Structure formats: C-alpha cells, structure tokens
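Results of the structural survey
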Amino acid sequence: MNIKNESIRGMHDYLPKEIIIWNHVETILKKILFSYCYNEIRLPILEYATLFKNTIGNTTDIITKEMYSFEDRNKKKLILRPEGTIGCARANIQHKLLNNNEQRLWYLGPMFRYERPQKGRYRQFYQMGVEAFGLKGPDIEVELILLTSRFWKNLGIDKHLILEINSIGSIDIRNKYKKDLLKFLKKNESLLDDDSKKRLGINPLRILDSKNPSIQILLKNGPKLHHYLDKNSSIFFKKLCYFMSDIGIPYTINNNLIRGLDYYNDIVFEWKTNKLGSQNTVCAGGRYDKLIEKLGGPKVPAVGFAIGMDRLILLIKEVSSLILPFFIDVYILIFDDSFKLEAIKLSELIRNKLPELKVMTNFYGVNVTKQFRLANKHNSRVALLLGPKEQEKKSILMKDLTNKTQKIVLKTELINELSFLL
Ligand code: ATP
Ligand code: MG
C-alpha cells in the first residue's frame with residue numbers, strides 16, 4: 001500500500017465492528033456516571049500551549065517528549081491536548097463554575113501523545129476522565145473508587161483488575177524526598193539500567209515505578225516517600241484506608257506508586273491488570289488540590305481519574321466472551337430495479353411503525369440469490385422480497401433467516417408479522 005495514504009503512525013481508524021464494542025462499553029459507563037450525578041463536559045482538543053507550561057510538570061514525559069505542538073496561522077502556540085484534566089480545570093475557571101460550588105464532571109475524547117506506538121499505547125488514544133472539584137476528601141475519593149469498581153463489575157471484568165493506592169504527600173514534601181532519592185540513586189548510578197539513568201537527570205521519581213526487578217531491589221535500600229509524609233497527609237491516607245476497609249473495597253498499598261504528572265498531591269491510585277503486558281494500567285487518578293489556583297482560579301480542592309479507553313476495550317476483548325453481533329433485523333430485497341422505489345417506501349413504513357428495528361434496503365443490482373447471500377452475510381434476521389408474483393397478490397415473501405422458513409404475507413399484515421422481532 002502507498003505509505004502516504006495510510007493513517008499517521010500510532011493513530012488508527014476505529015472500524016464499525018470495533019465501534020459496536022465501544023458504544024456498548026460507553027453506554028454502560030455513561031449510565032453509571034448518570035446514577036452518581038456526574039455531568040458531561042465537552043472540551044476543545046486544541047489549547048494554548050501556555051496552559052500546559054508549569055502545570056503538568058516541565059520534567060514529565062509529556063512535556064519533555066510527548067507533546068504535539070505547533071503554531072497556527074497567527075503564530076499562536078497551540079498543543080493537541082495530551083490529557084483532559086488541565087483543559088477541564090481551565091473551563092471551570094473560565095466559566096466561573098467553581099465559585100462556592102462543587103462540580104462532578106466527566107468527558108470522553110481523544111488525547112494525543114508522541115509515544116512509541118505498541119499494543120495499548122498509541123499517539124491518538126481515548127480517555128474518559130472524571131473530575132470532582134470543591135471536595136476535600138477522602139469521602140469523594142471513596143465515591144470515585146466505588147464508581148470505578150461499578151464500571152468493572154458491570155463490564156464483567158472486575159476479576160481482572162486490582163486497585164493500588166498510595167499517598168505521595170504534599171508537593172513540598174515530595175520535592176524534599178526527590179532530593180534525597182536523587183542523592184541515593186546517584187551514589188548507585190552504576191547499578192541503574194539505561195532507562196533509569198535517563199530518568200535520573202529528568203524525573204527521578206519515575207524510577208520508582210520501574211518494571212526492572214533489579215531496580216526494585218535497589219530501591220528497597222533507598223529512602224521511602226511514605227517516611228517523609230507529614231501529619232496531615234498521614235492522617236488523610238489512614239482515613240481513606242479506613243473508609244475503604246469499612247466498605248469492603250479490596251485494595252493494595254503500593255508505596256512506589258507515583259503519577260506521571262506533577263500536579264498530584266496525597267492520594268494517587270491505579271487500576272491494574274496482568275492481562276495486557278506492560279501497558280497494565282487501565283485507569284489512573286489522584287488528588288490535585290493546587291492545580292486550580294496555579295491556573296489562576298480560586299482555592300479549590302480537586303480529585304479525578306482517567307480511564308484509558310483503548311486499554312479498557314483491549315482488556316474486555318481479552319478476558320470476556322462478549323459477542324456483540326453485527327446484525328440487521330429486516331433486509332429488503334428486490335426482484336429487479338423496478339421495485340426500488342417500492343422498497344424504499346416499504347422500509348420507511350416499517351421504520352414508522354416499528355422504529356426499534358434495523359431495516360436495510362438493498363440497492364445493489366444483483367440477482368435475488370446473490371441478494372439472499374448478502375442478507376445472510378449481514379446477519380439479517382428476516383429478508384423480505386418484493387417481486388412481480390408477490391405484487392400481484394398484494395403480498396411479500398418473508399423469509400426467517402434464522403429458522404430458514406418462509407411464507408407469503410399480505411402487505412396489510414406485514415407489520416404484525418414483523419413484530420416478533422421486537
Ligand atoms: P503510562 O505510564 O502507561 O505511560 P501515564 O502515567 O502516562 O501512563 P496517564 O497520563 O495517567 O498515563 O493517563 C491515564 C490513562 O490513560 C493510563 O493509565 C492509560 O490507561 C491511558 N493512556 C495513557 N497514555 C496512553 C497511550 N499513549 N495510549 C493509550 N492509552 C494511554
Ligand atoms: Mg505515559
């Protein structure tokens with residue numbers, strides 16, 4: 001294939017059969033969000049680059065190497081959003097939604113990061129983000145975690161996800177810890193792998209979630225972030241753990257869990273699976289009490305998470321036998337082109353009377369046998385044939401393609417005859 005006519009590397013098409021699963025999953029998630037009173041917000045895909053400077057963290061992967069940025073015709077620096085929290089926070093400040101108000105919001109859409117594409121990691125991918133503004137927690141953390149648990153349960157994948165939580169303390173404490181960790185890692189630099197060596201100079205905290213077992217062994221002798229937590233952070237974390245245990249939500253404390261973005265404080269959590277190789281985090285979130293102020297808004301606490309929708313769908317396909325048939329209820333066939341108009345009218349009549357049904361009219365100029373083959377190929381439940389013999393008798397040939405039975409039905413009886421499809 002001519003390479004120029006392919007989609008951009010890491011940005012793929014989501015074809016109709018795939019979209020059936022996406023729609024099914026999105027419907028389940030949206031219903032649950034509705035029941036928890038979270039409202040949808042739709043945000044632009046492009047934002048001013050300045051919005052992301054000094055908020056995500058200048059040494060994070062996103063800022064240092066993953067951002068799609070460019071100038072528009074007016075020389076304004078823009079970026080394709082790499083995540084949704086910053087834009088959502090910006091919108092809430094811009095529209096003054098946070099003045100003495102709490103907000104529970106969600107959004108769903110594409111995000112863009114210039115990463116090395118692989119299974120579960122793309123350059124355009126979809127996130128569903130859920131954010132709660134104006135609530136100090138940790139009760140709201142519990143609500144968010146219950147909400148995600150319900151997602152997994154209703155999708156039938158709860159057995160394949162485990163929840164890890166941690167407290168990363170305040171931003172100041174974390175900076176103090178970062179200095180000590182750096183000292184320790186520099187002393188042991190010869191034991192680090194290439195990836196960790198690279199991170200050492202840029203963002204040493206990310207070495208904590210290295211997948212290399214020898215790095216994890218080394219870190220056991222290093223300084224521990226949880227020993228640095230101040231009283232407020234410790235109490236907050238203990239309270240959350242107590243709430244979760246009391247309600248009976250299973251979780252694991254992972255003291256090495258940190259988030260890729262700088263704006264988090266205190267609680268961070270991730271839902272992980274062992275079914276997707278190294279792209280094992282399906283949902284990640286945490287508290288970010290200082291972000292709104294940093295963006296010029298009021299002093300408002302906040303917490304949220306994002307689900308990697310592509311990974312979620314991969315997981316569902318991997319572990320469940322979810323078969324969503326691509327089917328048609330009524331497939332209308334024509335003896336020849338002279339019946340085309342009548343076929344269109346008939347399909348409209350069925351849609352008027354039985355709007356729940358999926359009705360397809362065949363416009364393809366092939367013989368009746370081939371049209372029946374097409375009807376079967378499309379997984380049609382019933383085929384209707386309009387032909388001269390039937391027209392004479394003011395009737396239609398109706399074939400049940402599941403039972404392989406057929407009969408002639410009067411046009412006046414057709415709607416009644418089709419109602420078994422509902
Ligand atoms: P990772 O460590 O996998 O790079 P991250 O810390 O960069 O993840 P977040 O910014 O927290 O990820 O994004 C939340 C979720 O979005 C991730 O847990 C993941 O499920 C999904 N995600 C992030 N980047 C990608 C990507 N490039 N392709 C597909 N999904 C992604
Ligand atoms: Mg990343």
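Residues numbered from 1 in each chain as written. Chains lettered and ligands numbered in written order. Predicted model: local features only at pLDDT ≥ 70, side-chain atom pairs only at ≥ 80, totals over all residues. Heavy atoms only, no water.

Our focus in this paragraph is the domain arrangement of the protein. According to the domain assignment, the protein contains domain 1 (16–169 + 229–319), domain 2 (172–223) and domain 3 (328–421). On a C-alpha basis, the centroid separation for the pair domain 2 and domain 3 is 68 Å. (Domains from an automatic or database assignment.)

Within the open sheet, the eight strands sit side by side as S1-S5-S6-S11-S10-S9-S7-S8. Their pairing is mixed. Either end of the sheet is taken by a strand with one partner, and the two such strands are strand S1 (39–40) and strand S8 (252–253). Relative to strand S9 (residues 265–272), strand S7 (residues 162–167) is paired through six bridges, and the arrangement is antiparallel. Residue isoleucine 165 lies in a different strand from S9, and its bridge partner there is phenylalanine 269. (Pairing = 2+ DSSP bridges. Helix = DSSP H or I, 4+ residues; strand = E, 2+ residues; numbered from the N terminus.)

Before going further, it helps to spend a moment on the site of ligand 1. What surrounds ligand 1 is a group of 15 residues, the closest being Arg113, Glu115, Arg121, Arg259 and Thr281. At 3.4 Å, a backbone N or O of valine 282 approaches an oxygen atom of ligand 1. Between ligand 1 and the protein, one listed contact pairs an oxygen atom with a backbone N or O atom of glycine 308 at 3.5 Å. Taking 590 Å² as the accessible area of ligand 1 by itself, protein coverage stands at 90%. Counting only elements with at least two residues in the shell around ligand 1, the list comes to strand S6 (124–133), strand S10 (281–287) and strand S11 (302–308). When residues in the shell around ligand 1 are grouped by element, the largest group, three residues, is from S10. Residue composition of the shell around ligand 1, by class: five nonpolar, four polar and six charged. (Near = heavy atom within 4 Å. Polar contact = N/O pair within 3.5 Å; in protein donor to acceptor, adjacent residues only side chain to side chain. Areas by Shrake-Rupley, 256 points an atom, 1.4 Å probe, with all protein chains shown as cover. Nonpolar A, V, L, I, M, F, W, Y, C, P; charged D, E, K, R; others polar.)

Of the residues making up helix H7 (residues 194–202), those classed as buried are Ser196, Arg199 and Leu200. Buried residues of H7, seen end-on, are gathered within an arc of 115° and therefore sit on one face of the element. Seen from the open side of H7, the exposed residues pointing more than 90 degrees away from its buried face are Asp194, Lys198 and Gly201. Buried positions along H7 lie against helix H3 (61–66), helix H6 (171–187) and helix H8 (213–220). (Buried < 20%, exposed > 50% of the residue type's maximum accessible area, 1.4 Å probe, protein only. Arc of directions from axis to C-beta. Contact = heavy atoms within 4.5 Å.)

The next thing to look at is the pairing of strand S5 (residues 103–112). In terms of burial, S5 is largely enclosed, as eight of its ten residues are buried. Inspection of the sheet shows S5 paired to S6 by ten bridges, in the antiparallel sense. By the bridge assignment, arginine 104 is partnered in S6 with alanine 132.

Quick look at H8 now. For H8, the full list of buried residues reads Ile215, Leu218 and Leu219. Buried residues of H8, viewed axially, fall in a sector of 100°; they line one side. Residues of H8 that are exposed and angled more than 90 degrees away from the buried face: Pro213, Ile217 and Lys220. Tucked inside the fold, the buried residues of H8 contact H6 and H7.

Turning our eyes to something else, we now look at the packing of helix H1 (residues 16–35) against helix H11 (residues 309–319). The relative placement of two packed helices is expressed as an angle between their axes plus a distance between the axes. Contact geometry for H1 and H11: axes closest at 11 Å, N-to-C directions at 105°. The angle between the axes of H1 and H11 places the two elements in the roughly perpendicular class. Judged by residue contacts, Glu18, Ile21, Trp22, Val25, Glu26 and Leu29 of H1 engage Met309, Asp310, Leu312, Ile313, Ile316 and Lys317 from H11. Classifying every residue of the contact of H1 with H11 by side-chain character gives eight nonpolar, no polar and four charged. (Axes fitted to C-alpha atoms, helices over the stretch in contact; angles between N-to-C directions. Parallel < 35°, antiparallel > 145°, perpendicular 65-115°, else oblique.)

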